[in-house]
Amino acid sequence: MFEVLATRQLSDAVFEMKVAAPAVAAKAHAGQFFILRVDAEGERVPFTFSDWSAEEGWIRFIFMRVGLTTHKLTHLAAGDFLADVAGPLGVPSHAGGLGRVAVVGGGVGAAVAYPVARAMCAAGDEVTVILGARNAELLILEDEFRALPLKDLVVMTDDGSAGRHGLVTAPLKELCETGAIDHAMAIGPAIMMKFCAATTKEFAVPTVVSLNPIMVDGTGMCGACRVSVGGEMKFGCVDGPDFDGHLVDFEELMSRQRVYVDDERVADAEFSKGCSCGL
Amino acid sequence: MRPVDETPKPRHRPVKGTRIPMRENDPLERIASFTEVGLGYDAAEAHTEAMRCLQCAKPPCVDGCPVHIDIKGFIGKIIEGDECAGVEVLKTRNALPAACGRVCPQEEQCEASCVLQRTGQPIAIGRLERYLGDFDLARVPAERCRPEIAPASGKRVAVVGSGPAGLACAGELAMRGHGVTVFESLHVPGGVLVYGIPEFRLPKALVQAEIDMLAEIGVRIVTDAVVGTTYTIDDLLTAEGFDAAFIGSGAGLPIFSGIPGENLNGVYSSNEFLTRVNLMRAYEFPRSDTPVWRGRTVAVVGGGNVAMDAARTALRLGAAHVMLVYRRAEEEMPARHEEVHHARQEGVEFVMLCSPQEVLGRDGFVTGMRVTRMELGEPDESGRRAPMCVIGSEFDLECDTVIMALGTRANPLLAKAAPDLELDKRGYIVTDADGATNLPGVYAGGDIVTGSATVIRAMGAGKDAARAMDAWLRRS
Ligand SMILES: Cc1cc2nc3c(=O)[nH]c(=O)nc-3n(C[C@H](O)[C@H](O)[C@H](O)COP(=O)(O)OP(=O)(O)OC[C@H]3O[C@@H](n4cnc5c(N)ncnc54)[C@H](O)[C@@H]3O)c2cc1C
Ligand SMILES: Cc1cc2nc3c(=O)[nH]c(=O)nc-3n(C[C@H](O)[C@H](O)[C@H](O)COP(=O)(O)OP(=O)(O)OC[C@H]3O[C@@H](n4cnc5c(N)ncnc54)[C@H](O)[C@@H]3O)c2cc1C
Ligand code: SF4
Ligand code: SF4
Ligand code: FES
């Protein structure tokens, strides 16, 4: 059992949770994830570390409430327990020796982008962060990013309620056009990563994306997380989650992410029947 | 240990007869649920079957068992009506008799070597073993057969993986007085016994009861511990302070066929399909949270135990039609005969001598599978006749689910974090006859050494390594 140490609501549907998991925290690196189960009936669900402390033995993650598991998570408070936390899983993100990098974080992807940008800064890369959200309400971690020694922070919202009006691909394209970046990293919904990769491909700027296929074990045992990269079958959990964005088959990824939509709706509806939180 | 019985035994007079059949649930009823298929022997049936045993002076059956269980001995105890003593005989070599009695390929092992095999009616050794295993598990914990524990040695051993190899090794080491901690990456211990082999063939409560027993003799089990990332082997031997380690991490990396369309929704590896259903209990969805795609028409590719398990599981999830697609002939399927028999009884259609060429789909979902007919050529090195494509014989099978049961390989996760550990070219760990790897104090056994094998071989390897580790620990 893993104790919840603190929770915080960041926006309407986005939450942060801090959990005691000393063995996992001791080994965590930026870009890696872990798998949790909420309770004895729980599904195994992956989340990326948004922060951790090896010394104090905790990990932190930010999640968007989209279905059953994330709904159950919103019900937990400090002092409650998660049934399982296993990790760290996946290959750490590459940091250092990248030169001038643009890190794009869209939606909750910002939570994953934060430790990656931090690691890159620490390793001496020159980092520009582009944060995107549908509106100002959904923008997360802006203050944390501002505290990093970034070259620049560009905020984009779909409706213009904060920062610039538009999609993250606009400033990314400008950086490419002016030859201001050597590398790019995009973390967010598959569709956003697809368009980021398409943007940089034109300028041959190497671009890494952090994929989020459906997983079960997270250790290479089941193959649920397989993705096509450059025509080859890769396992998201052990070969990734970071892959070359110019080689990823995003259509396939998005199709595979939707395989259980009907079941997921049933499960959440069942749970919501007996639940009064109104989410 | 029990006191030695000194009274002379009456001479055994074998009773001629045919094998006592095992009662089973009706095929049509059983495919509606995950309850166990075989019901086992009751005491009278077990005794009658045991009475058929000749109690051979030099019993050849023993050599047929990979771990040389004293088969004559435990059957002798059933004949005498002393089940407790029978369990003790079994347990000296087999940590999980209730499991092995159910899942060993007896027809190729112990029963194949029984002298009565010649008559076509070998002793039902597996069923008798199951009978004793179940007898033991049905007792209250305090009365169960438990090993005598040697005085504490002060040494600590880390066991990686809680499949049959790890569990057998842990039990043997604990019995020899060492402090044992098992590290398991999943959230439940048991390995393939819980995530692979389905409930209807091996009830999970049996495995859990054996694991509870280990806990009672002092074995600590840490789940959610991925060795290779949460801890490396080196961490275990240094920071975590273990004196030795045993690696029994299995061969958990699914093989895909590489044909087009394999990433369509509705294509599963057998590992994923069975894990969702068995470990995550997707068959209880939405009471459990994990979904599984419930196909109407399912094609399972393969011919081993895993393929049979996947096919029979698909039926139980409500499939109207399940096909088993195998590229050789039925006689060459490596699955246990009993499983083939059960699959056929339950209505699985055998599509033999066919090899998949492409998974067909629409809008991202499976709609069928293109297969080509095969014919058998000359025998290859393995003695089996190699299947060859019949040119121009392609045809399409309609289906909405495809399950690839093509076997597994070594999972590199652990070894990647142990660069000095010697592997063979396929990624399996290299050991000597005692299970010792090239790293001092590090032993290994089970599928991660031999490649996919059997429950009893993995257990045997775990026990053998434990004996060697015991000697090593006492020397060092
Ligand atoms: C490596 C990785 C890192 C991730 N990091 C984060 C993160 O930091 N924050 C965050 O909010 N989300 C993250 N996700 C996504 C998160 O796992 C899903 O949102 C979560 O599974 C939803 O579960 P649910 O039961 O609430 O919703 P559901 O209704 O069950 O699912 C909603 C959608 O989530 C995806 N999903 C469902 N089950 C799984 C599963 N077992 N594994 C992966 N995806 C699944 C599917 O696309 C599905 O359609 C990550 C995913 C991966 C693979
Ligand atoms: C579906 C199926 C049906 C089968 N049917 C039969 C049958 O009828 N009869 C028979 O004799 N055999 C059968 N087998 C084969 C048999 O189950 C295996 O040979 C046996 O389980 C191997 O035991 P093991 O202990 O080596 O590995 P496993 O049982 O695979 O156990 C390994 C354990 O280690 C854990 N692990 C892996 N990596 C790590 C890590 N890095 N850190 C921590 N833990 C880790 C795994 O999660 C797992 O729990 C079947 C196999 C399958 C898949
Ligand atoms: S362990 Fe398996 S092979 Fe050995 S006697 Fe028992 S059933 Fe036969
Ligand atoms: S070979 Fe057959 S008959 Fe002889 S002891 Fe073994 S089981 Fe009994
Ligand atoms: S999640 Fe099972 S192999 Fe990646």
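Given the structure is predicted, the values throughout are model-derived calculations rather than measurements.

Draft legend 1. Broad picture of the overall build of chain A. For chain A, the helix and strand inventory stands at nine helices and 17 strands. The globule rule puts the C-alpha radius of gyration for 279 residues at 19 Å, and the 18 Å found for chain A is close to it. Overall size of chain A, expressed as C-alpha extent along the three principal axes, is 55 × 40 × 40 Å. A total of 279 residues make up chain A; the buried ones form 57% of that total. Long-range contacts, defined here as pairs at least 24 residues apart, represent 66% of the contacts in chain A between residues at least 6 apart. For chain A, the accessible area works out to roughly 10900 Å², and carbon and sulfur atoms hold 52% of it. Computed over 23 positive and 37 negative side-chain charges, the separation of the two mean positions in chain A equals 2 Å.

Draft legend 2. Structural detail: the site of ligand 1. All names here are of chain A. Near ligand 1 lie 23 residues; those nearest to it are Pro46, Ile62, Met64, Thr69 and Thr70. Ile62 is positioned such that a nitrogen or oxygen atom in its backbone is 2.8 Å from a nitrogen atom of ligand 1. Starting from 860 Å² of accessible surface for ligand 1 in isolation, the protein chains cover 89%. Contributing elements (two or more residues each) for the shell around ligand 1: strand S4 (45-48), strand S6 (58-64) and helix H2 (68-74). Counting residues per element, the shell around ligand 1 draws most heavily on S4, which supplies four residues. Tallied by class, residues from the shell around ligand 1 come to 14 nonpolar, six polar and three charged.

Draft legend 3. Examining the packing of helix H6 (residues 190-201) of chain A against helix H8 (residues 250-257) of chain A more closely. All names here are of chain A. Where H6 contacts H8, the two axes come as close as 10 Å, and the packing angle between them is 180 degrees. The orientation of H6 relative to H8 falls into the category roughly antiparallel. In contact with Ala190, Ile191, Met193, Lys194 and Ala197 of H6, H8 contributes Phe250, Glu251, Leu253, Met254 and Gln257. A breakdown of the residues in the contact of H6 with H8 according to their chemical character gives seven nonpolar, one polar and two charged.

Draft legend 4. Spotlight on the packing of helix H9 (residues 164-175) of chain B against helix H18 (residues 455-475) of chain B. Residues and elements named next belong to chain B. Orientation of H9 relative to H18, taken along the N-to-C sense of each, is 35 degrees, at an axis distance of 7 Å. Along this stretch, H9 crosses H18, giving a crossing that reads as right-handed. For the pair H9 and H18, the contacting residues are Pro164, Ala165, Ala168, Cys169, Glu172 and Leu173 in the first and Val455, Ala458, Met459, Gly462, Lys463, Ala466, Arg467, Met469 and Asp470 in the second. In terms of residue class, the contact of H9 with H18 is made up of 10 nonpolar, one polar and four charged.

Draft legend 5. Local environment of the sheet that holds strand S9 (residues 100-106) of chain A. All names here are of chain A. Here we have seven strands laid out as an open sheet, ordered S12-S11-S10-S9-S13-S14-S17, and mixed in their pairing. Strands at the two margins of the open sheet, each flanked by one partner only, are strand S12 (164-165) and strand S17 (242-244). Strand direction decides the pairing type here: strand S14 (residues 207-210) and S17, joined by three bridges, are antiparallel. By the bridge assignment, Val208 is partnered in S17 with Asp244. On top of the sheet, helix H3 (residues 109-122) reaches S9, strand S10 (126-133), strand S13 (183-187) and S14; it is set at about 160 degrees to S9, its chief contact.

Draft legend 6. Layout of the environment of Asp363 of chain B. With respect to the helices and strands, Asp363 of chain B occurs in the loop between strand S9 (354-362) and strand S10 (365-379). Along the backbone, Asp363 of chain B and Leu264 of chain B are 99 residues apart, and their C-alpha atoms lie at a distance of 9.0 Å.

Draft legend 7. Structural view of helix H14 (residues 305-316) of chain B. All names here are of chain B. End to end, H14 covers 17 Å across 12 residues, agreeing with the expected 16 Å (1.5 Å per residue, within 8%). A large share of H14 lies buried, amounting to 10 of its 12 residues. Restricting attention to buried positions, one finds in H14 the residues Ala307, Met308, Asp309, Ala310, Ala311, Arg312, Thr313, Ala314, Leu315 and Arg316.

Draft legend 8. View of the site of ligand 2. Residue and element names in this part refer to chain B. Close to ligand 2 lie 35 residues; Val103, Glu184, Arg201, Val227 and Asp447 are nearest. Contacts to ligand 2 include Pro164, whose backbone N or O atom sits 3.2 Å from an oxygen atom. Starting from 1000 Å² of accessible surface for ligand 2 in isolation, the protein chains cover 93%. Broken down by secondary-structure element, the contributors of at least two residues to the shell around ligand 2 are H9, H14, helix H16 (413-416) and H18. The greatest single-element share of the shell around ligand 2, amounting to three residues, is contributed by H14. Residues that form the shell around ligand 2 fall into these classes: 18 nonpolar, 12 polar and five charged. Two domains each provide a minimum of three residues to the shell around ligand 2, namely domain 2 (156-252 + 410-475) and domain 3 (255-407).

Draft legend 9. Local environment of the pairing of S4 of chain A. Residue and element names in this part refer to chain A. Residues Val45 and Phe47 point to one face of S4 and are all buried, whereas Pro46 and Thr48, pointing to the other face, are not buried. Judged from the four bridges that link them, strand S3 (residues 33-37) and S4 form a sheet pairing that is antiparallel. Paired with Phe34 across the strands is Phe47, a residue of S4.

Draft legend 10. Looking closely at helix H8 (residues 125-138) of chain B. Residue and element names in this part refer to chain B. Between the first and last C-alpha of H8 there are 20 Å, a value that for 14 residues agrees with the 20 Å anticipated at 1.5 Å per step. The buried fraction of H8 is high, at 11 of 14 residues. Here H8 has its buried residues at Ile125, Gly126, Arg127, Leu128, Glu129, Arg130, Tyr131, Leu132, Gly133, Asp136 and Leu137.

Draft legend 11. Summary view of the packing of aromatic side chains. Residue and element names in this part refer to chain A. Tallied over the entire structure, the rule returns 16 aromatic pairs over all chains. Measuring from ring centre to ring centre gives 5.4 Å for Phe34 and Phe49, while their planes differ by 25 degrees; the resulting arrangement is stacked. In this pair, Phe34 is assigned in strand S3 and Phe49 in the loop between S4 and strand S5 (51-53), connecting sequence segments 15 residues apart. Given a relative accessible area of 0%, Phe34 falls into the buried group.

Draft legend 12. The interface of chain B and chain A, seen in detail. Contact residues are listed per partner, giving 41 residues for chain B and 43 residues for chain A. The largest per-residue losses of area from chain B upon contact with chain A belong to Asp224, Asn263 and Asp289 of chain B, which jointly make up 21% of the total buried on that side. Counting across the interface, chain B meets chain A through three salt bridges. Asp235 of chain B is the salt-bridge partner of Lys27 of chain A, the closest N and O atoms lying 2.3 Å from each other. On inspection of chain B and its partner chain A, the count reaches 20 residue pairs in polar contact (both at pLDDT 80 or more). Broken down by secondary-structure element, the contributors of at least two residues to the side of chain B that touches chain A are strand S5 (267-269) and helix H13 (270-279) of chain B. Ranked by residues supplied to the side of chain B that touches chain A, first place goes to H13 of chain B with four residues. Taken together, the residues that form the side of chain B that touches chain A break down as 18 nonpolar, 15 polar and eight charged.

Draft legend 13. Structural detail: the domain arrangement of chain B. Residue and element names in this part refer to chain B. Domain parsing of chain B yields domain 1 (34-143), domain 2 (156-252 + 410-475) and domain 3 (255-407). Each of domain 1 and domain 3 has a C-alpha centre, and the two are 33 Å apart. In this complex, domain 1 contributes 10 residues to the contact, which on the side of domain 3 involves 13 residues. Counting each side, the surface lost to burial between domain 1 and domain 3 is near 790 Å², with a carbon and sulfur contribution of 56%. When the area that domain 1 buries against domain 3 is broken down by residue, the three leading residues are Phe34, Val37 and Glu107, summing to 71%. At the junction of domain 1 with domain 3, the criterion picks out zero salt bridges. Viewed at the interface, domain 3 and domain 1 are joined by five residue pairs in polar contact (both at pLDDT 80 or more). Broken down by class, the residue content of the side of domain 1 that touches domain 3 amounts to five nonpolar, one polar and four charged.

Basis of the calculations
- Residues numbered from 1 in each chain as written.
- Chains lettered and ligands numbered in written order.
- Predicted model: local features only at pLDDT ≥ 70, side-chain atom pairs only at ≥ 80, totals over all residues.
- Heavy atoms only, no water.
- Helix = DSSP H or I, 4+ residues; strand = E, 2+ residues; numbered from the N terminus.
- Rg over C-alpha atoms; globule rule 2.2 N^0.38 Å.
- Buried < 20%, exposed > 50% of the residue type's maximum accessible area, 1.4 Å probe, protein only.
- Contact = heavy atoms within 4.5 Å.
- Areas by Shrake-Rupley, 256 points an atom, 1.4 Å probe, with all protein chains shown as cover.
- Lys, Arg positive; Asp, Glu negative; His and termini not counted.
- Charge placed at Lys NZ, Arg CZ, Asp CG, Glu CD.
- Near = heavy atom within 4 Å.
- Polar contact = N/O pair within 3.5 Å; in protein donor to acceptor, adjacent residues only side chain to side chain.
- Nonpolar A, V, L, I, M, F, W, Y, C, P; charged D, E, K, R; others polar.
- Axes fitted to C-alpha atoms, helices over the stretch in contact; angles between N-to-C directions.
- Parallel < 35°, antiparallel > 145°, perpendicular 65-115°, else oblique.
- Left-handed = near helix turned anticlockwise from the far one by under 90°.
- Pairing = 2+ DSSP bridges.
- Expected span 1.5 Å × (residues − 1).
- Domains from an automatic or database assignment.
- Phe/Tyr/Trp six-rings, centres within 6.5 Å; stacked < 30°, edge-to-face > 60°.
- Buried area = accessible area lost by both parts, 1.4 Å probe.
- Salt bridge = Lys/Arg side-chain N within 4 Å of Asp/Glu carboxyl O.

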